[in-house]
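Examination of the molecular architecture
For reference, the chains in residue letters:
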Amino acid sequence: MNDRDSELIEGMLTEKGFQIVDDAEKADIALFNTCSVRQHAEDRVIGNLQKLKSRRKKDPNFRIGILGCMAKRHGEMLFKEYPQIDIVVGPSNIYDIPDLIARSTGSEKILAVDKEKRPKKKAAGDSRSGIFSAFVNIMYGCDNFCSYCIVPYVRGREVSRPKKDIVDEVKHLVDKGFKEITLLGQNVNSYGKGLSGKVTFPHLLEAINKVKDLERIRFTTSHPKDADKALFRAIRDLDKVCEHIHLPLQSGSDKMLDLMNRKYKYGDYKEKADQLKEMVPGVGISTDLIVGFPSAKESDFKATYKAMKEVEFNSAFIFKYSPRPPAESSCLVDDVKEAVKKKRNNDLLSLQKKISHQKNRSMIGTEQEVLAEGKSRMSDKELIGRTRNNTPCVFKAGEDLIGKLVKVKIKGTSPTTLKGEIV
Ligand code: SAH
Ligand code: SF4
């Protein structure tokens, strides 16, 4: 989501005549589009800010801006702690960035973090970092208030974009040569809330599936409480919708899920995952898990470990809990020691590695459709892309196939990457 916002910001600024440079030292203005989801992300921004402090002191024309979630989360306080900052703009004020920069004189601090919801606006200018694959926002914000999560506080309440605007954007991207789009929302399954007429996420998928010359549709993220049979049917029946779902479990312990305010039990999740696997054979399921949530005992961790084995995720992102005031769980004592968080994190990572390897092995001998994204990092003679169920796959081929859909037969695999041969 941040990457997509950065593309929009780049597009709006280049439209106004700005140029992107590859080195902050050469820039007239340095903008940080920030993430607040874990403390680690904020710490990195602070580190980068310190590096630019002396440049800002020496050069009165140089400007520094903090954009995105950290801006909304800390607001005015950023100017006090880091006087080198000139501009602070939250995610909902994104469309004002060019005007705010134009107003920045260097002596006056500019703060814009006021809007609760992101306006349904089209940015004046756009930019895309990819050539074949693009992100498309379908909604902004979140209404779920999982107890650990900062997103509803920094990105505001949920707003869905009208279906027509989204379909038009997809058509425009296809006209420009894009083959694959990834629909973005914090919880795509609640798409349509607040729009006139009854429109659901599966309806949106149906409409996008009709866009001529579009090859692939992906989406992220689905909340397990809202993922249902209608969505699974759409994945099964709509030919462009790829057979992959990112379905964050967070924990296998019902006690932790309750404290996290996730509104489902592990049993509900497992049932849905089984249903999906039955309806869509070969579907890829990826997930997010948090270790070291306040009060999580060894038994809670064991429940997550067991869930990982039972669901057999294709891949998993594992995060160490990080308190995010004012999110609700920040009132709980962060009582799981860092060393324990680290151990649980490593244990899950090594289990997942085995499961991913096993999952990949089960694809050996099958034929898979891969969108060739570019050269593999390991060899000049190989290309890399993803299968429909989102597994990376390398195969010998010339550059002329980059951007094309190819059929490959899977011959081997590592825990992360399939090896195939063009059929
Ligand atoms: N809207 C998405 C993801 C949002 S953030 C969803 O609901 O799944 C991405 C991931 O970051 C979350 O799934 C969660 O696993 C992790 N995360 C969020 N807040 C966190 C925190 N305070 N500490 C550790 N991980 C966190
Ligand atoms: Fe955060 Fe939960 Fe919303 Fe995802 S659904 S963004 S984890 S509050």
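The preceding data block contains the structure.
A few points on the structure. Worth saying up front: this structure is predicted, and the values here are computed from it rather than measured.

Details of the sheet that holds strand β1 (residues 29–34)
The parallel open sheet is built from four strands, whose spatial order is β1-β2-β3-β4. Among the strands making up the open sheet, the edge pair consists of β1 and β4 (110–112). Here the strands of the sheet are splayed against their neighbours by 10° on average, with no regard to which way each runs. Where β1 lies against strand β2 (residues 63–68), six bridges are found, and the strand directions are parallel. Note on β2: the bridge partner recorded for F32 is I66. Its contacts with the sheet put helix α2 (residues 39–58) on β1 and β2, and the angle it makes with β1 is roughly 170°.

Points about the pattern of salt bridges
Per the counting criterion, the structure on display carries 35 salt bridges. For R56, the salt bridge is made with D86, and the minimal N-O distance between the two is 2.7 Å. Linking R56 in helix α2 with D86 in the loop between α4 (77–81) and β3 (87–89), this pair joins segments that are 30 residues apart in sequence. Both residues of the pair, R56 and D86, count as buried. Among the ionic pairs, D126 bridges to R128, the shortest N-O distance being 3.3 Å. Beyond isolated ion pairs, a larger network of salt bridges with shared partners links R4, E7, D126, R128, R161 and E169.

Re helix α1 (residues 2–15)
Here α1 is 14 residues long and its end C-alpha atoms lie 20 Å apart, about the 20 Å a rise of 1.5 Å per residue gives. Residues of α1 that are buried include every one of N2, R4, D5, E7, L8, I9, G11, M12 and L13, and no others. Positive phi appears at G17, one or two residues downstream of α1, with a value of about 100°.

Things to note about a negative patch on the surface
Taken together, D254, D258, D268 and E271 make up a surface patch of like negative charges. The set of elements that each furnish at least two residues to the negative patch consists of α10 (254–259) and α11 (266–279).

How each quantity is defined
Residues numbered from 1 in each chain as written. Chains lettered and ligands numbered in written order. Predicted model: local features only at pLDDT ≥ 70, side-chain atom pairs only at ≥ 80, totals over all residues. Heavy atoms only, no water. Pairing = 2+ DSSP bridges. Helix = DSSP H or I, 4+ residues; strand = E, 2+ residues; numbered from the N terminus. Axes fitted to C-alpha atoms, helices over the stretch in contact; angles between N-to-C directions. Contact = heavy atoms within 4.5 Å. Salt bridge = Lys/Arg side-chain N within 4 Å of Asp/Glu carboxyl O. Buried < 20%, exposed > 50% of the residue type's maximum accessible area, 1.4 Å probe, protein only. Expected span 1.5 Å × (residues − 1). Patch = residues over 30% accessible without salt bridge, like charges linked within 9 Å, V, L, I, M, F, W, Y side chains within 5 Å. Areas by Shrake-Rupley, 256 points an atom, 1.4 Å probe, with all protein chains shown as cover. Lys, Arg positive; Asp, Glu negative; His and termini not counted. Charge placed at Lys NZ, Arg CZ, Asp CG, Glu CD.

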